[in-house]
Amino acid sequence: MKIIHIDQKYPEDWIRVLNHIANLFFEDSKLKVEHEGTDMSVSFEYNVGDDFSLSTKAVLEVDGKSYTNDYRIQYDTGAEGRELNIRMKRALSHVFLDVLEQHTGMHQQWGILTGVRPTKLYHKFRKAGKSEEEIADILIRDFRLSEEKVALLKEIVARQLVTIPDIDEIGKEISIYIGIPFCPTKCAYCTFPAYAIGSNRKQGRVTTFLDGLHIELREMGKWLKENDMKITSIYWGGGTPTSIEADEMDALYQTMYESFPHPETIREVTVEAGRPDTITPEKLEVLKKWGIDRISVNPQSYTDETLKAIGRHHTVQETIDKFWLARESGMNNINMDLIIGLPNEGIEEFQHSLDESAKMQPESLTVHTLSFKRASEMTRNKDKYKVADRDTVAQMMHMAQVWTKENDYVPYYLYRQKNILGNLENVGYSKAGEESIYNIVIMEEVQTILGIGCGASSKFVHPETGKITQFHNPKDPAAYIMTFEDAIGKKLEFLDELYKL
């Protein structure tokens, strides 16, 4: 924990943003006005000019050394209220980041960006009519991104525009997320709604949950049909949707296709089969019956000791066997996930995972960087899990970039998380033409995602203004069973309001 003295009491939202910047350099930090017990001190100056300019300055003092940075930005128009506040926080972040880089010798390639969706910022400038050169200049000069990260964003956005040429108009359609909250076991890094299916089945919660899910699918489908909504993509997530039995999957897909409008125009249906220990020939037959061939088979690592450490009760060989079983069963678009920075893994282990991936050549490979999510078992017991240092993690990410290029994969979506190792990113790569539409639309927030099922989050995106309203179904199966009918009513109200019915 680094305690940083600040020269005065700033607004709470300013402190929060500055705290995010400090945490890029220190595992944990706290800013406070009192001098006592602090490790360093920072002071700020700021001024809004009559010519719409904004100037800031930071002075950082640590152990008798002083670091200074000045920054000035010229805007075309004035601002007040929320917009001025955003500009001010951005400018203060700019100078604070610089003095911390001077002090630590670290260079933050994502600059002052601490949010989840940097590609969304690129799209914003693109839709404002700025050229690629203008966008790059803004991101480097004002947001302090490295040229490498700007190039990555540019490549991803270009790929997205090929995958979804109508991405700027797709807000008139809707995508759907369906949550099945069960897994064989819960992984140590996981904070998704994932409950051990064995104990829940004994208590009768699986059957009761599925009964409720059928009702929710029908009721939401009724609204979609009545309002002639087109569905872009459907994603079955969780948990692990293939944790339930084959006949239960079959019944759900039948309800889905009977309930939803225009099934023939749905561009993509994905079923997350991430845990190889849930995949069976019977379940693959059900997927094939309903024309679903996009699934995930997620190794995370190709080291058995790592899988045991993180609570995945399957072996590396089972991952390999189930991949080929899925391929031979007609699954033509298989995604696999790898996680950089898992406990006790370094360069050698990650290279092994890449070598094994090369043998299978899945249609897409998502490379995640381990994030210490607040509610995960791994975060609660950090001392128990030894992870790679910042430089090693960065090297592994570079290895992934080189490997994907050599194996003809292109990056097509990206997102970032708080407390992510090395302040890096998660990148989805695919063979050209095999990109996930759902992954793009949810990351870029270009259309409403209707959440159905346990732990499902709905994002209601206004098709014209882009304003986002969120609604969350309960995460716990018992709570879902008790309240899903209320959740249906509330979501119907949101939809009616959004489309002014």
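Residues numbered from 1 in each chain as written. Predicted model: local features only at pLDDT ≥ 70, side-chain atom pairs only at ≥ 80, totals over all residues. Heavy atoms only, no water.

Labelled according to an unreviewed UniProt entry, the protein chain appears under the name Coproporphyrinogen III oxidase, originating from Lysinibacillus xylanilyticus.

(A) Summary view of the sheet that holds strand β4 (residues 53–62). Spatially, β2-β1-β3-β4-β5 is the arrangement adopted by the 5 strands of the open sheet, whose pairing is mixed. Edge positions in the open sheet fall to β2 (29–32) and β5 (65–74), since each of these has one partner strand only. Neighbour to neighbour, the strand axes of the sheet diverge by 20° on average, direction disregarded. Strand direction decides the pairing type here: strand β1 (residues 2–6) and strand β3 (residues 40–48), joined by 3 bridges, are parallel. (Pairing = 2+ DSSP bridges. Helix = DSSP H or I, 4+ residues; strand = E, 2+ residues; numbered from the N terminus. Axes fitted to C-alpha atoms, helices over the stretch in contact; angles between N-to-C directions.)

(B) Representation of the nonpolar core in the model. Among the nonpolar cores identified, the biggest contains 128 residues, and Phe96, Leu139, Leu213, Ile234, Trp236 and Ile295 are the most heavily contacted of them. Aside from chain neighbours lying at most four places away, what touches Leu213 is Ile178, Ile180, Trp236, Leu252, Ile452, Gly453 and Tyr480. Of all hydrophobic cores here, the second largest spans 16 residues; its members include Tyr412, Tyr413, Tyr415 and Tyr438. (Core = buried A, V, L, I, M, F, W, Y, C linked by side-chain atoms within 4.5 Å. Buried < 20%, exposed > 50% of the residue type's maximum accessible area, 1.4 Å probe, protein only. Contact = heavy atoms within 4.5 Å.)

(C) The side chain of His368, seen in detail. Structurally, the position occupied by His368 is in strand β13 (residues 364–369). The exposure class assigned to His368 is buried, which follows from its relative accessible area of 15%. A distance of 3.3 Å separates the side chain of His368 from the side chain of Tyr415, its partner in a polar contact. (Polar contact = N/O pair within 3.5 Å; in protein donor to acceptor, adjacent residues only side chain to side chain.)

(D) Region of the structure containing the packing of helix α3 (residues 118–127) against helix α4 (residues 132–141). Remark: α3 packs on α4, axes separated minimally by 10 Å, with the N-to-C direction vectors making an angle of 135°. Judged on the interaxial angle alone, α4 and α3 are oblique. Crossing of α3 over α4 shows right-handed handedness. Between α3 and α4, the contacting residues are Leu121, Tyr122, Phe125 and Arg126 on the first element and Glu132, Ile135, Ile138 and Leu139 on the second. Tallied by class, residues from the contact of α3 with α4 come to 6 nonpolar, no polar and 2 charged. (Parallel < 35°, antiparallel > 145°, perpendicular 65-115°, else oblique. Left-handed = near helix turned anticlockwise from the far one by under 90°. Nonpolar A, V, L, I, M, F, W, Y, C, P; charged D, E, K, R; others polar.)

(E) Quick peek at the packing of aromatic side chains. Using the criterion set out here, one finds 21 aromatic pairs in the structure. Taking 5.7 Å as the distance between ring centres and 85° as the angle between the ring planes, the aromatic pair formed by Phe182 and Phe209 counts as edge-to-face. Of this pair, Phe182 sits in strand β7 (residues 182–183) while Phe209 sits in helix α7 (residues 205–226), placing them 27 residues apart in sequence. Considered together, Phe182 and Phe209 belong to a single accessibility category, that of buried residues. With centroids separated by 6.1 Å and ring planes inclined at 45°, the aromatic side chains of Trp223 and Tyr499 adopt a geometry described as tilted. In this pair, Trp223 is assigned in helix α7 and Tyr499 in the segment after α16 (477–498), connecting sequence segments 276 residues apart. Classification of Tyr499 by relative accessible area gives buried; the value is 18%. Aromatic rings pair up to connect Tyr10, Trp14, Phe44, Tyr46 and Phe96 into one cluster. Taking the ring centre of Tyr75 as reference, the NZ or CZ of Arg87 above it sits at 3.7 Å. The ring of Tyr409 has Lys431 sitting right over it, with the charged end atom 4.2 Å from the ring centre. (Phe/Tyr/Trp six-rings, centres within 6.5 Å; stacked < 30°, edge-to-face > 60°. Lys NZ or Arg CZ within 6 Å of the ring centre and 35° of its normal.)

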